[in-house]
Amino acid sequence: MSNYHIKNLEEYFQVYRKSVREPEKFWQEIAEEHFVWRKKWDNVLSWDFSKPEVKWFENAKLNITENCIDRHLLTKGEKTAIIWEPNDPKEKALHLTYSELHKKVNKVANVLKSKGVKKGDKVGIYLPMIPELAYVVLACARIGAVHSVVFAGFSASALATRTVDADCKILITADGSYRGEKTIDLKGIVDKALEDCPEVNSVLVVKRTGSNINIKDGRDEWLEPLMKNASEDCAPEIMDAEDPLFILYTSGSTGKPKGMLHTTAGYMVYSAYTFKNIFNYNNDDVYWCTADIGWITGHSYILYGPLANGATTVMFEGVPSYPDFGRFWEIIEKHKVNQFYTAPTAIRALAKKDLEFVTKHDLSSLKVLGTVGEPINEEAWHWYDNNIGKNKSPIVDTWWQTETGGIMISPIPFATPTKPTFATLPFPGIQPVLMDEEGNEIKGNQVDGRLCIKYPWPSMARTIYGNHDRYRETYFSTFENMYFTGDGALRDEVGYYRITGRVDDVIIVSGHNLGTAPIEDAINEHPAVAESAVVGFPHDVKGNALYGFIILKEFGESRDRDNLRKEIKQTISDKIGPIAKPDKIQFVEGLPKTRSGKIMRRILRKIASGDTSDLGDTSTLLNPEVVEEIINGAL
Ligand code: WTA
């Protein structure tokens, strides 16, 4: 018998021990008892981290939408699957039942089929947080197409790179999107992106804002009339356990974004099982995750995990500040939300506002609070605990990654005692280790090191789409036989983990991963720029903000510096998106470099954070004199 719902600490330890001693038996029981399979697997797990190759539930047959929708129809057909809360609170919220969701998904699936989309084809999705986003994602899974959702805040250029890289020939978008008071010309961005995507020959457009848009004959069509005419029956495509389910891009420290490829069965089992336990979801609960479906958190914990459990999941179109800073709390009261999952950056921003935005709302429905995306600082943790959870709702600080597919380290509410800033203990099946720079495992407690995982788990990404070598290189080559996360962590005296942050050149700004290299590339495209280096520095709302050190081609030239700063920020915004704009730009005469020509980012990080008291060893620098100059320039 599997223990699908862990209720106390003793049980957690029992389950955890079993998951490590007999991992295959452990996952097999969960998979057998809680999901529907068209055919069971021949083998639970085969793996080799040196290749790396990982297969879960080999040769099993299933469709994930059958697990997320069809199987609930008999007992929960009339239960609300999705509550959609629009940007404008005056617009009516949508309560969509499982049986309505079934019909919508089938209709979109039939539309996709009529456009020639087949099993294995890649479908690009660039949609705001509207119900159609859920339908389209699930419709892809229904027919075995691989969805590649691009966050609708990304620029045309970022969308184009991802669309081409994922080999998408069809793209689903909307005429526009609402974000607070702003209306964004989504279709305009798509038109621009598609100039660089010659392979895309079909664009389906959802009507949301009613804006006046360009419809390109023979390429663009409105989705709604097509849906109206489509049948509401669509038999699910029977998929192999290891067939690709989706591609989702994440930033790397170098080069172009990495299209993490996730497969079907393992991802389903893991996202569902973690959801149930980490949010302590019970039958009539209303669960809300504020992430966007354009990120992994939305994939696993707005859609797949909750729906596989027959849960009611809230989808919110808007922003926490509109129409005022009480919007999150208003929505919790309105829909009687029981589990609330958000990012530390949102908590920090809202904690700065008048407490009345919180206190005027009834938050008594809340039972569990969650955070994700970056380390949560102690102050934000306590504010969340005191004011939102009223010290009775445990906070689950969940550590995981796009690559891991599901939550890896987290308290289990009502079982694991929480500790501010600690993600606490590994989820069953997860075997974290800390490594030193020489590649040795650091055993025991009260230690810190680089966080690795030494055993496969069902929802790990299987490759980087189109570049398996890069996958091996990035995650499996730093430490032999280990998955390297790129994060540093410490383990306290009782074995609790605290994630200390990235140890590579990825910077997390407001919970968004940004690689320094692509931002530097964007800056360098400005004609006045010779060279640049971007580092992160602590920011009280965003967690980290970006600081760009830039060498101009002609330093002495008396150009308007403020204007130049604006132009450079605009270039970054065009290439990547507004989230990648630096808070500070300093023009410098040189960058500190080692004799081998590498920029010493360690020094720049210190300067950016205003802490120049101890710059460490600068003797290996080729040009130690620039350090002084930069410091003086920064004052
Ligand atoms: C960071 C988000 C501290 C971490 C699901 C990781 C965290 C990166 C936490 C992945 C947390 C995520 N505490 N840091 N609870 N959760 N991170 O791919 O650096 O967008 O490697 O996935 O976010 O970000 P990603």
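Whatever comes next refers back to the structure up there.
Worth saying up front: this structure is predicted, and the values here are computed from it rather than measured.

(A) Highlighting the site of the ligand. Taken together, the neighbourhood of the ligand is formed by 17 residues, with D397, T398, T402, D487 and R502 sitting nearest. One of the backbone N or O atoms of P375 is found 3.4 Å from a nitrogen atom in the ligand. With respect to the ligand, the side chain of D397 contributes an N or O atom lying 2.7 Å from a nitrogen atom. When isolated, the ligand has an accessible area of 530 Å², and the protein chains bury 95% of it. Elements with a contribution of two residues or more to the shell around the ligand: α11 (296–308), β20 (395–398) and β25 (497–502). Looking at the shell around the ligand residue by residue, the classes come out as seven nonpolar, six polar and four charged.

(B) Main features of the pairing of strand β30 (residues 584–588). Within β30, four of the five residues are buried, which leaves it mostly tucked inside the rest of the structure. The sheet contact formed by strand β29 (residues 543–552) and β30 spans five bridges and is parallel. From the neighbouring strand, F549 faces β30, where its bridge partner is Q586.

(C) Main features of the sheet that holds strand β28 (residues 529–539). Spatially, the three strands line up as an open sheet ordered β28-β29-β30, and their pairing is mixed. At either margin of the open sheet sits one strand with a lone partner, and together these are β28 and β30. Between one strand axis and the next, the sheet turns through 25 degrees on average, direction left out of account. Of the strands in this sheet, β28 and β29 touch helix α19 (residues 601–608), which is tilted by about 55 degrees from β28.

(D) Molecular detail of the pattern of salt bridges. Overall, the coordinates contain 36 salt bridges when judged by the stated rule. Two residues, D469 and R472, come together in a salt bridge whose shortest N-O distance is 2.8 Å. Pair noted here: D469 and R472 are both in helix α16 (residues 468–476), with a separation of three residues, about one helical turn. Of the charged contacts in the structure, one is a salt bridge between D487 and R502, with a shortest N-O distance of 3.8 Å. Of the two residues, D487 sits in strand β24 (residues 483–491) while R502 sits in strand β25, which places them 15 residues apart along the sequence. Bridged by salt links that share partners, the residues K187, D191, R219 and D220 form one connected network.

(E) Layout of the packing of aromatic side chains. The tally for this structure, following the rule as stated, stands at 48 aromatic pairs. Ring geometry for W37 and F57: centres 5.8 Å apart, planes at 45 degrees, overall tilted. Of this pair, W37 sits in the loop between α2 (23–34) and β1 (43–48) while F57 sits in strand β2 (residues 53–58), and the two are 20 residues apart along the sequence. Owing to a relative accessible area of 13%, W37 belongs among the buried residues under this scheme. Relative to W295, the ring of F151 lies with its centre 4.6 Å away and its plane at 35 degrees, an arrangement referred to as tilted. Residue F151 is found in the loop between β7 (146–149) and α7 (156–165), and its partner W295 is found in the loop between β16 (286–289) and α11; the two are separated by 144 residues along the sequence. The exposure class of F151 is buried, given its relative accessible area of 10%.

(F) The arrangement of the packing of helix α10 (residues 265–278) against α11 in detail. Packing of α10 against α11 brings their axes to within 8 Å, and their N-to-C directions diverge by 90 degrees. Relative to α11, the element α10 is oriented roughly perpendicular. Two secondary-structure elements touch here, α10 through Y267, S271, A272, T274 and F275 and α11 through H299, S300, Y301, Y304, G305, P306 and A308. Residue classes in the contact of α10 with α11 are distributed as seven nonpolar, five polar and no charged.

What counts, and at which threshold
- Residues numbered from 1 in each chain as written.
- Predicted model: local features only at pLDDT ≥ 70, side-chain atom pairs only at ≥ 80, totals over all residues.
- Heavy atoms only, no water.
- Near = heavy atom within 4 Å.
- Polar contact = N/O pair within 3.5 Å; in protein donor to acceptor, adjacent residues only side chain to side chain.
- Areas by Shrake-Rupley, 256 points an atom, 1.4 Å probe, with all protein chains shown as cover.
- Helix = DSSP H or I, 4+ residues; strand = E, 2+ residues; numbered from the N terminus.
- Nonpolar A, V, L, I, M, F, W, Y, C, P; charged D, E, K, R; others polar.
- Buried < 20%, exposed > 50% of the residue type's maximum accessible area, 1.4 Å probe, protein only.
- Pairing = 2+ DSSP bridges.
- Axes fitted to C-alpha atoms, helices over the stretch in contact; angles between N-to-C directions.
- Contact = heavy atoms within 4.5 Å.
- Salt bridge = Lys/Arg side-chain N within 4 Å of Asp/Glu carboxyl O.
- Phe/Tyr/Trp six-rings, centres within 6.5 Å; stacked < 30°, edge-to-face > 60°.
- Parallel < 35°, antiparallel > 145°, perpendicular 65-115°, else oblique.

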